[in-house]
Amino acid sequence: MGELNENVVCQGPVTFHYGVHTKIGKNTFINFNFTCQDDCEVTIGENCDFGPNVTIVTPIHPLLPDERRALMCPDGVGRRLCYAKPVNIGNNCWICAGATILPGVTIGDGCVIGAGSVVTKDIPAGSFAAGNPCRVIRPITEADSMANKPEILGDCSVIK
């Protein structure tokens, strides 16, 4: 791994294409079947949670088939090349089950990405976003506190 901070829990199986391009902040939980195709840098902040079956991909491939087979390099040799854009996930994010995060995306601090979402564009901090393609649904506010949901909270209480 490029960087794996303390108290990171990865509940296997998890798969990294390279691993060396990925940095994971402290106190992050990654559930099973996590896939990270880190052909370039992937940065995951602190205190993040990932549901099962989340995928992060950084590669970008040519759309034309001939260009996928080979592109001409400066040395005059045709090669199959990989292009990629980095992915950045802020602190305190929750990426729900089955979400896919595509190349070049930045997810701001404190976001929740809904289950099954396909994140194609940047998501601003403090947003709940979902869908395919993923879009901001609304800001996350104090009204979302579990203190306002006694039917779910039961006998527990919010830590202040």
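See the structure shown above.
Anyway, here's the lowdown on the structure attached to this text. (Residues numbered from 1 in each chain as written. Predicted model: local features only at pLDDT ≥ 70, side-chain atom pairs only at ≥ 80, totals over all residues. Heavy atoms only, no water.)

### Notes on the packing of aromatic side chains
Then, in step 1: Under the definition given, this model contains two aromatic pairs.
Then, in step 2: Taken together, a centroid distance of 5.5 Å and an interplanar angle of 75 degrees make the contact between Phe34 and Phe50 edge-to-face. In this pair, Phe34 sits in strand β6 (residues 34–37) while Phe50 sits in strand β8 (residues 49–50), placing the two residues 16 residues apart along the sequence. Both residues of the pair, Phe34 and Phe50, count as buried.
Then, in step 3: Cluster of aromatic residues (ring-pair linked, three or more members): Phe16, Phe34 and Phe50. (Phe/Tyr/Trp six-rings, centres within 6.5 Å; stacked < 30°, edge-to-face > 60°. Helix = DSSP H or I, 4+ residues; strand = E, 2+ residues; numbered from the N terminus. Buried < 20%, exposed > 50% of the residue type's maximum accessible area, 1.4 Å probe, protein only.)

### A short note on the nonpolar core
Then, in step 1: The biggest cluster of nonpolar side chains holds 25 residues, and the ones touching the most others in it are Phe50, Ile56, Ile89, Ile95 and Ile107.
Then, in step 2: For this core, the secondary-structure elements that each account for two or more residues are β6, β7 (42–44) and β14 (87–89).
Then, in step 3: If we skip the residues at most four places from it in the chain, Phe50 touches Thr28, Phe29, Ile30, Asn31, Phe34, Ile44, Ile56, Ile89 and Ile95. (Core = buried A, V, L, I, M, F, W, Y, C linked by side-chain atoms within 4.5 Å. Contact = heavy atoms within 4.5 Å.)

### Overview of the pairing of strand β20 (residues 127–131)
Then, in step 1: Where strand β18 (residues 112–113) and β20 come together, two bridges link them in parallel fashion. The residue of β20 that forms the bridge with Val112 is Phe128.
Then, in step 2: In terms of strand pairing, β20 meets strand β21 (residues 134–139) through five bridges, oriented antiparallel. Paired with Gly131 across the bridge in β21 is Cys134. (Pairing = 2+ DSSP bridges.)

### Regarding unusual backbone geometry
Then, in step 1: Across the junction of Gly12 and Pro13, the peptide omega takes the value 5 degrees, indicating a cis bond.
Then, in step 2: Look at the link from Asn132 to Pro133: it is a cis peptide, with omega at 0 degrees.
Then, in step 3: Here Pro133 is to be found in the loop between β20 and β21.
Then, in step 4: The backbone phi angle of Asn33 is positive, close to 60 degrees, even though this residue is not glycine.
Then, in step 5: For Asn33, a relative accessible area of 35% puts it in the partly exposed group.

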